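If you want the building blocks of each chain, they are given just below.
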Amino acid sequence: MTMKKNETKNFDQDAAQWDEHPGKLKMAGDAAAAILREVPLSADMDVMDFGCGTGLLGLQLLPQVKSLTGVDSSQGMLAVLRSKIAARGLTNVQMQLIDFASGERPAGRYHLIVSSMTLHHVPDTAALFAEWFDLLHPGGQVAFADLDAEDGSFHNDNTGVFHFGFDREKLKQLLHEAGFADVRATTASVFSKEVAGRGLREFPIFLITATRREV
Ligand SMILES: C[S@@+](CC[C@H](N)C(=O)[O-])C[C@H]1O[C@@H](n2cnc3c(N)ncnc32)[C@H](O)[C@@H]1O
């Protein structure tokens, strides 16, 4: 499997059907369940969902927090989220169209930043962790889910895939270097998928949590 390092994926074309995929619903549901297990949420928290897509993760946390800001580079994904906000009459959900890889940066300050299955689409992981640190209130937390290291067979097309999963220990080290403490990893989910010519494969998905260290 080859990684197409210079190509980004256009998620707009997937947006309208995104929520029809049982696998995507399961991964977001498992990430939300893992966050609810690992992170104490409260009604005074402003939460950002980075790479929110159609809001599958963040909207599951919304009932327990004050506000949700969905950040994504895909207009199509945000259009689906916008229609959910309108249909449900939500007044505490905002959106920001931001392509982090192009140098754009989200606005605001947050108590918690969550993310699911987006990290492997962002080329510079260390830069993203540094940005998350700056976006958090003192003592704020991150909680993100993504693939453990894999051989490139998770995606049928690796366009826009900049990492074939991650080594948990390397991510923990990067988080420490970015100024985070209390860094922990658990398994959020195991995704089973038929891979052409190789049968049914299992892809574990971690949840890493960390707290902004104060000096
Ligand atoms: C695999 S999808 C996951 C979406 C959602 N978190 C979910 O679980 O359904 C990855 C998302 O990250 C967004 N994304 C990819 N690269 C990005 C970047 N550089 N800046 C912001 N968002 C990005 C994509 O538009 C897409 O919505």
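This text follows the structure it describes.
Residues numbered from 1 in each chain as written. Predicted model: local features only at pLDDT ≥ 70, side-chain atom pairs only at ≥ 80, totals over all residues.

1. Comments concerning the overall build of the protein
For clarity, the cut-off: Helix numbering and strand numbering both begin at the N terminus, where a helix is a DSSP run of H or I of at least 4 residues and a strand a DSSP run of E of at least 2. In this setup the radius of gyration rests on C-alpha atoms only. A globule is expected at 2.2 Å times the number of residues raised to 0.38. In this scheme the burial state of a residue depends on its C-beta neighbours within 10 Å: 20 or more other such atoms mean buried, 12 or fewer mean exposed, and anything in between means partly exposed; the C-beta positions come from the backbone. Contact between residues is assigned whenever the C-beta positions, reconstructed from backbone atoms, fall within 7 Å.
Counting its secondary structure elements, the protein contains six helices and seven strands. Reading the protein from its N terminus to its C terminus gives the helix and strand order α-α-β-α-β-α-β-β-α-β-α-β-β. Compactness check: the protein gives a C-alpha radius of gyration of 16 Å against a globular reference of 17 Å for 215 residues, within 12% of the reference. If one aligns the C-alpha atoms of the protein with their principal axes, the spans along those axes are about 50 × 40 × 35 Å. Within the protein, buried positions represent 37% of all 215 residues. Residue pairs in contact within the protein that sit at least 24 positions apart in sequence constitute 68% of those at least 6 positions apart.

2. Comments concerning the environment of Lys24
For Lys24, the position within the fold is in helix α2 (residues 22-38). Taking the C-alpha atoms as reference points, Lys24 and Met117, 93 residues apart in sequence, are found 9.5 Å from one another. Residue contacts for Lys24: discarding those within four places in its chain leaves Trp18 and Leu56.

3. Here we look at the site of the ligand
In plain terms, the rule: By definition, a residue lies near a molecule or strand when the C-beta atom built from its backbone is within 6 Å of it. Amino acids outside the nonpolar list (Ala, Val, Leu, Ile, Met, Phe, Trp, Tyr, Cys, Pro) and the charged list (Asp, Glu, Lys, Arg) are all regarded as polar, and Gly is one of them.
Taken together, 21 residues lie around the ligand, and Phe11, Gly51, Gly53, Ser74 and Ala101 are the ones closest in. Tallied by class, the residues present in the shell around the ligand amount to eleven nonpolar, seven polar and three charged.

4. Quick word on the sheet that holds strand β5 (residues 136-147)
What counts, and what does not: Any two strands are treated as partners once DSSP identifies two or more bridges connecting them. Here, axes are lines fitted to C-alpha atoms. For helices the fit covers the stretch in contact, and angles between N-to-C directions go from 0 to 180 degrees.
Reading across from one edge, β3-β2-β1-β4-β5-β7-β6 is the order of the seven strands in this open sheet, with mixed pairing throughout. Two strands lie at the open edges of the sheet, namely β3 (93-97) and β6 (180-195), each paired on one side alone. Averaged over all adjacent pairs, the angle separating strand axes in this sheet is 15°, with direction ignored. Of the pairings in the sheet, the one linking strand β1 (residues 46-50) to strand β4 (residues 110-116) comprises three bridges and is parallel in character.

5. Here we look at the environment of Ala43
Here Ala43 is to be found in the loop between α2 and β1. Judged by the 8 C-beta atoms lying within 10 Å of it, Ala43 falls in the exposed class. Between the C-alpha atoms of Ala43 and Ser67, which are 24 residues apart in sequence, the distance is 8.6 Å. Residues contacting Ala43, with those up to four places away along its chain left out, are Val65 and Lys66.

6. What to know about unusual backbone geometry
Even without a glycine there, the phi angle at Met117 is positive, about 60°. Relative to the helices and strands, Met117 is located in the loop between β4 and α5 (125-135). A count of 21 C-beta atoms within 10 Å places Met117 in the buried class. With phi around 50°, Asp182 is a residue other than glycine that occupies positive phi space. Relative to the helices and strands, Asp182 resides in strand β6.

7. A closer look at the nonpolar core
Spelled out, the test is: A set of buried Ala, Val, Leu, Ile, Met, Phe, Trp, Tyr and Cys residues, joined to one another through C-beta atoms within 7 Å, is what we call a nonpolar core.
Membership of the largest hydrophobic core comes to 56 residues, with the highest contact counts inside it found for Ala31, Ile35, Val47, Ile113, Val114, Ala145 and Leu207. Ignoring sequence-local partners within four residues, the contact set of Val114 consists of Ile35, Val47, Asp49, Leu57, Gly58, Leu61, Ala143 and Phe144.

8. Some thoughts on helix α4 (residues 75-88)
Note the threshold: To estimate how far a helix should reach, multiply one less than its number of residues by 1.5 Å. The arc in question is formed by the directions pointing from the helix axis toward the C-beta atoms.
End to end, α4 covers 20 Å across 14 residues, agreeing with the expected 20 Å (1.5 Å per residue, within 8%). Inspection of α4 places Met77, Leu78, Leu81 and Ile85 among the buried residues, and these make up the whole buried set. Down the axis of α4, the sector holding all buried residues measures 90°, keeping them to one side. What points out from α4, more than 90 degrees from its buried face, is the exposed set Gln75, Ser83, Ala86 and Ala87. For α4, the elements touching its buried residues are α1 (12-15), β2 (67-72) and β3. Looking one or two places after α4, you find Gly89, whose phi comes out positive at around 65°.

All we've got here are geometric facts, nothing functional implied.
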